[in-house]
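# Architecture at a glance
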Amino acid sequence: MQEAPGPAYDYAETEETDSMDDSRTTLTRRRFVGAAIVLPALAGLFAASASPAAAAKGSQAQFKYQTHPNGSKQCSNCTFFIAGKTATANGTCKVVDGVISPKGWCIAYSAKS
Ligand code: SF4
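Note that the structure is a prediction, hence the values are computed from the model and not measured.

A few words on the overall build of the protein. Summing up its helical and strand segments, the protein has 1 helix and 2 strands in all. Secondary structure elements of the protein occur, N-terminal to C-terminal, as α-β-β. When the 113 residues of the protein are sorted by exposure, 12% land in the buried category. Contacts in the protein between residues far apart in sequence, at least 24 positions, make up 66% of those at least 6 positions apart.

Written out as structure tokens, the structure reads:
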């Protein structure tokens, strides 16, 4: 006994086609949702790496750091200085690596506003 292709066969094929369309739609939604989550995260990473705080610091020699002021310009009134425990204690810098004197100075000096 041989079954002849008929409406039931056509219906099954239609069902399969609809099912494939659903899986494609689902996959497309997954990709969209995934991209909506991943892309802002990547943008955040690029933004963070572009900021001075996240970038690698330069050496003291590279920035011609000195432990004495340049006139009235000194680390304690520079926007990049991170103060130590007291006003006279050594601190650190967002740009230059190592221990930084509040009375120091370098070519990256930028007055606090
Ligand atoms: S950028 Fe230069 S001047 Fe400013 S705090 Fe750092 S070392 Fe001092």
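From this point, the discussion proceeds with the structure in view.
What follows concerns the site of the ligand. Neighbouring the ligand are 15 residues, the closest being C75, C78, F81, C93 and C106. Grouping the amino acids of the shell around the ligand by side-chain chemistry returns 14 nonpolar, 1 polar and no charged.

With that out of the way, let us pick up the environment of K103. Within the element layout of this structure, K103 appears in the segment after β2 (92–93). K103 gets classed as partly exposed once you count the C-beta atoms within 10 Å, which come to 14. For K103 and N70, which are 33 residues apart along the polypeptide, the C-alpha to C-alpha distance reads 9.0 Å. Setting aside chain neighbours within four positions, we find K103 in contact with T67, H68, P69, Q74, C75 and S76.

What follows concerns the nonpolar core. The biggest cluster of nonpolar side chains holds 11 residues, and these are Y65, C75, C78, F81, C93, V95, V96, I100, W105, C106 and Y109. Leaving out residues up to four positions away in the same chain, F81 has contacts with C75, S76, G91, C93 and I100.

Next up on the list: the confidence of the model for the protein. Detailed reading of the predicted coordinates is not advisable wherever pLDDT is low. Mean pLDDT over the protein: 74, with 52% of residues reaching 70 or higher. Across residues 9–20, where pLDDT falls below 50, the model places 0 contacts with residues more than four positions away in sequence or in other chains. Contacts for the low-pLDDT stretch residues 37–49, under 50 throughout, to residues beyond four places or in other chains number 3 contacts.

Cut-offs used in this document
- Residues numbered from 1 in each chain as written.
- Predicted model: local features only at pLDDT ≥ 70, side-chain atom pairs only at ≥ 80, totals over all residues.
- Helix = DSSP H or I, 4+ residues; strand = E, 2+ residues; numbered from the N terminus.
- Buried ≥ 20, exposed ≤ 12 C-beta atoms within 10 Å, placed from the backbone.
- Contact = placed C-beta atoms within 7 Å.
- Near = placed C-beta within 6 Å.
- Nonpolar A, V, L, I, M, F, W, Y, C, P; charged D, E, K, R; others polar.
- Core = buried A, V, L, I, M, F, W, Y, C linked by C-beta atoms within 7 Å.
- pLDDT = per-residue confidence, 0-100.

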